[in-house]
Amino acid sequence: MGMHMAHIMSSGMGGLRTAGDLVAWMQISRRMKIGDAKEYVARKLGIDVLDLTNEEVMRRTREDLGIGIITSVAGSPKGIRAKIKIAELLEIPINSVTLFKSQLGI
Amino acid sequence: MSDKILTRMGDGERLWMSASEVREDIAAGTEDAARRAKIPQLSEEEQEKLFEIMAEPSRAVSVSPGEEVIVTDDGGTMSFYTCQDGGGVGVPLSRMQAILTYERACGADTTSMGHSDYSYKPVKPIINFEMNDYYNTSMLTTVPFFYGAQPNLGLYYQPDGPCPNPGDLMPAGKIKEAQEAQELAAEYLEKDLVFVGKKMASVGCEGLNLDTSGSAGDADFLAALKGVRRLKKELGHMPIIMGSANEFILGMHGAAKFDDQRLAGMYPHRQVKVVEAAGADIFGVAVGTNTGESVAWNLARTLTFVKETVRVADIPVHVNVGMGVGGVPMLEGPPVDCVTRVSKALAQIGKIDGL
């Protein structure tokens, strides 16, 4: 685990703590390079690119949008509920969301 | 700044080097990569930037705010619960617990799961188990969740697989027979990649990782490319990471071609173009670490390959930076001082999209 944690701390975006997952979704869904993916996500969130890795801004932004936060709060969206919102926000297909919605008939 | 810099060799051994020795190793490392791949060396400015990163006295170093990149992994969550063979720390966690811990406690940008053998062939007999675990976990994960494994063509050769072993045929001078054995094995591998990919897609798989493609040579890489092309064509939306096994593709077959391009001997800046053509969404560059050279030498060499690859790529480039690749020392527990220097240098100088 040493190398994973070291890379995450040294140069990672922070995942759910910030906007790392959102930028990653754009890389894998639309083949966006890092700069384009960051700009796209920042525009969708209505924040500066620099704040994508700012925990103080992203905690509030994620909670407001219902796209999952790093701490566990009873009743707050996480997992598939959060991913449904993420797919809508970023306007991308997420296969698990597509399957889940089809199972619900929506 | 002290003239003496505490650094390491590619096998992890700690040593003090003078500033001039580090600079000489950086120059030699970039020259080696440039000469082999016929690509530009790092500029003097970039070499000096790398020197500054190597010479930083701090134990751990990092990028500046705004320079962060995406961190993907190749079975990283398995390291929580597996044993030494997989770099694992043996904590008694389920796969789901490890995946969620990695996502929520470690702040990973993406997460993944894979079979403990981490090859596609052995997944086939247990595909329903894998689909079940993937589906259940995907209901709880929020970050992109990959299913990963290695193509690993070697598993299709006797005595482990059905095809004659090229390792036996080639020393006997049976070159044509060895090529035919690799071609047959590659057909089996391609089928297995498509089989597993389609099964995982049926349970809402968010992405596939074909890790260490080409580990058994050009026929291995070819099967992975063909598998990616078929999966992208037949599944529609299926994000795929395709990572390579080495800085150049071994010519075990020698004549394997994809879209009329000979794969043997391809360096990363050419590998990425065939990976793009196959339809993959992210390319993983792999550059082996030379244990007999310093980290400065290895990192300069890696950066030279990576910089050119990023320059020509139309898809995101994530660099393999585990133990023994990308300038990280070949050590069971990669030292934090080196891992973070590799991380920072690749982001700042290599201009990568991820790790």
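A brief structural summary. Because the structure is predicted, anything quoted here is derived from the model rather than measured. (Residues numbered from 1 in each chain as written. Chains lettered and ligands numbered in written order. Predicted model: local features only at pLDDT ≥ 70, side-chain atom pairs only at ≥ 80, totals over all residues.)

### Topic: the packing of helix H1 (residues 19-37) of chain B against helix H2 (residues 44-55) of chain B
Residue and element names in this part refer to chain B. One way to put it is that H1 packs onto H2 with a least axis distance of 10 Å and a crossing angle of 130 degrees. Regarding the angle of H1 to H2, the classification is oblique. For the pair H1 and H2, the sense of crossing is right-handed. Listed contacts from H2 to Ala19, Val22, Arg23, Ile26, Ala27 and Thr30 of H1 are Gln47, Leu50, Phe51, Met54 and Ala55. Residues of the contact of H1 with H2, tallied by class, amount to eight nonpolar, two polar and one charged. (Axes fitted to C-alpha atoms, helices over the stretch in contact; angles between N-to-C directions. Helix = DSSP H or I, 4+ residues; strand = E, 2+ residues; numbered from the N terminus. Parallel < 35°, antiparallel > 145°, perpendicular 65-115°, else oblique. Left-handed = near helix turned anticlockwise from the far one by under 90°. Contact = placed C-beta atoms within 7 Å. Nonpolar A, V, L, I, M, F, W, Y, C, P; charged D, E, K, R; others polar.)

### Remarks on the sheet that holds strand E9 (residues 282-285) of chain B
Residue and element names in this part refer to chain B. One open sheet holds the six strands; their spatial order is E3-E4-E5-E6-E9-E10, and the pairing between them is parallel. Only two strands of the sheet have a single partner each, and these edge strands are strand E3 (111-113) and strand E10 (317-319). When the angles between neighbouring strand axes are averaged without regard to direction, this sheet yields 25 degrees. In this structure, strand E5 (residues 208-213) lies alongside strand E6 (residues 240-244), joined through four bridges in parallel fashion. In the strand pairing of E6, Leu210 is matched with Met242. (Pairing = 2+ DSSP bridges.)

### Concerning the nonpolar core
If you look at the biggest cluster of nonpolar residues, it comprises 133 residues, and the most contacted ones within it are Val23 of chain A together with Ala280 and Phe283 of chain B. Non-local contacts of Phe283 of chain B, meaning those with residues more than four positions away in its chain, are made with Met242, Val272, Val275, Ala313, Ile315 and Val317 of chain B. (Core = buried A, V, L, I, M, F, W, Y, C linked by C-beta atoms within 7 Å. Buried ≥ 20, exposed ≤ 12 C-beta atoms within 10 Å, placed from the backbone.)

### Quick word on unusual backbone geometry
All names here are of chain B. For the bond running from Gln158 to Pro159, omega is 10 degrees, close enough to zero to count as cis. If you trace the backbone, Pro159 turns up in the loop between strand E4 (145-149) and helix H6 (166-169). We note that Asn152 has phi near 55 degrees; this positive angle belongs to a residue other than glycine. Examined against the element boundaries, Asn152 turns out to sit in the loop between E4 and H6. Judged by C-beta crowding, with 24 C-beta atoms within 10 Å, Asn152 ranks as buried. A positive phi angle, close to 60 degrees, is found at Thr212, a residue other than glycine. Along the chain, Thr212 falls in strand E5.

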